[in-house]
Amino acid sequence: MKITSVGQTGGYRYGNGAVYVGAWNSTGRRHGYGHLLLPDGTRYDGFFHDGLFHGFGMLTFSDGAKYEGEFLDGWFHGYGIFWRSDGMKHEGQFSGGKIWGLGMTTFNDGNNGFPRYEGFFQDCKLLKKVSCVEVVQKAQKVAFMARNHD
């Protein structure tokens, strides 16, 4: 959606009730760091590129689920951590909004399964069990950076 006559930074209330406060580009699209609150209570805090979530960000859904990490063209993409509303979490790589790549799942009781639910995931399914400690640590660092952007 293009918005005319906006400054470099500022706020806008959309017709559907969504509210955005942050940086804009010269064509009136969300661009740079900002905060978007959707009518259902879902909130995004992070970077935008040409109107889409892009770079580091945090997306908190109205049901309590949350993703902290990297985005590309509006999707979870890169390293990050996704928490379901029931407390289950996945730390690792994401692609196109799905768990895709190396990572580890921790169930809501705090365990990782036996044997560990860790390895290579494709389309949210564990295909091969392998240790991926470095990937989990990188996902934790990226999530921390997304959460603590100044």
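These remarks concern the structure in this document.

Criteria and cut-off values
- Residues numbered from 1 in each chain as written.
- Predicted model: local features only at pLDDT ≥ 70, side-chain atom pairs only at ≥ 80, totals over all residues.
- Heavy atoms only, no water.
- Helix = DSSP H or I, 4+ residues; strand = E, 2+ residues; numbered from the N terminus.
- Buried < 20%, exposed > 50% of the residue type's maximum accessible area, 1.4 Å probe, protein only.
- Contact = heavy atoms within 4.5 Å.
- Pairing = 2+ DSSP bridges.
- Phe/Tyr/Trp six-rings, centres within 6.5 Å; stacked < 30°, edge-to-face > 60°.
- Core = buried A, V, L, I, M, F, W, Y, C linked by side-chain atoms within 4.5 Å.
- Axes fitted to C-alpha atoms, helices over the stretch in contact; angles between N-to-C directions.

1. Looking at the environment of G11
Then comes step 1: You can see G11 is positioned in strand β1 (residues 9-13).
Then comes step 2: Exposure remark for G11: the relative accessible area of 57% places this residue in the exposed category.
Then comes step 3: As for G11 and D109, which are separated by 98 residues in sequence, their C-alpha atoms are 41 Å apart.
Then comes step 4: Not counting the four nearest positions on each side in its chain, G11 is found in contact with Y20, V21 and W24.

2. Observations regarding the pairing of strand β8 (residues 89-95)
Then comes step 1: Relative to β8, strand β7 (residues 75-83) runs antiparallel, the two being bridged by six bridges. Counted as the bridge partner of Y79 is Q93 from β8.
Then comes step 2: Connecting β7 to the antiparallel partner β8 that follows it, the hairpin turn spans five residues, and G87 within it adopts a positive phi of roughly 100 degrees.
Then comes step 3: Here β8 runs beside strand β9 (residues 98-106); their pairing, made up of six bridges, is antiparallel. By the bridge assignment, K89 is partnered in β9 with T106.
Then comes step 4: Counting the residues that bridge the hairpin from β8 to β9 gives two residues, and of these G96 lies at a positive phi of roughly 55 degrees.

3. Topic: the packing of aromatic side chains
Then comes step 1: With the rule as written, the count across this model stands at 18 aromatic pairs.
Then comes step 2: Between the aromatic rings of Y67 and F71, the centroid separation amounts to 5.1 Å while the plane-to-plane angle is 90 degrees, which identifies the pairing as edge-to-face.
Then comes step 3: On the basis of relative accessible area, Y67 is assigned to the buried category, the value being 0%.
Then comes step 4: With a relative accessible area of 4%, F71 lands in the buried category.
Then comes step 5: Residues F107 and Y117 carry aromatic rings whose centres are separated by 5.8 Å and whose planes lie at 55 degrees to one another, so their mutual orientation is tilted. One end of the pair, F107, is in the loop between β9 and β10 (118-122); the other, Y117, is in the loop between β9 and β10, and ten residues separate them in sequence.

4. A few points about the environment of F120
Then comes step 1: Checked against the element boundaries, F120 lands in strand β10.
Then comes step 2: Its relative accessible area of 30% is what places F120 among the partly exposed residues.
Then comes step 3: Each C-alpha atom, one on F120 and one on N108, is 21 Å from the other, the two residues being twelve residues apart in sequence.
Then comes step 4: Not counting chain neighbours up to four residues away, the residues in contact with F120 comprise G101, L102, K125, L126, L127, K128 and V130.

5. Overview of the nonpolar core
One broad trend across soluble globular proteins is that nonpolar side chains are buried collectively.
Then comes step 1: In this structure, L36, Y44, F53 and F71 are the most contacted members of the largest nonpolar core, which totals 16 residues.
Then comes step 2: Among the secondary structure elements, those contributing two or more residues to this core are β2 (19-24), β4 (43-49), β5 (52-60) and β6 (66-72).
Then comes step 3: Setting aside residues up to four positions removed in sequence, F53 forms contacts with L36, Y44, F47, F48, L59, F71, L72, D73 and G74.
Then comes step 4: The next biggest cluster of nonpolar side chains, apart from the first, holds seven residues, and it includes Y79, M104, V135 and V142.

6. A closer look at the pairing of β1
Here is the key point about a regular strand: its side chains alternate between the two faces of the sheet.
Then comes step 1: Counting buried residues along β1, only zero of its five residues qualify, which leaves the element largely exposed.
Then comes step 2: Pairing of β1 with β2 involves five bridges; the strand directions are antiparallel. Across the sheet, the residue bridging to G11 is V21, located in β2.
Then comes step 3: Hairpin geometry of β1 and β2 is characterised by an intervening segment of five residues between the two adjacent antiparallel strands and by a positive phi of about 100 degrees at G17.

7. Here's the deal with the sheet that holds β8
Then comes step 1: Across the sheet, eleven strands lie side by side as β1-β2-β3-β4-β5-β6-β7-β8-β9-β10-β11; this open sheet has antiparallel pairing. Strands at the two margins of the open sheet, each flanked by one partner only, are β1 and β11 (125-129). The sheet shows a mean angle of 15 degrees between the axes of neighbouring strands, direction not considered.
Then comes step 2: By the bridge criterion, six bridges tie strand β3 (residues 30-37) to β4 in an arrangement that is antiparallel.

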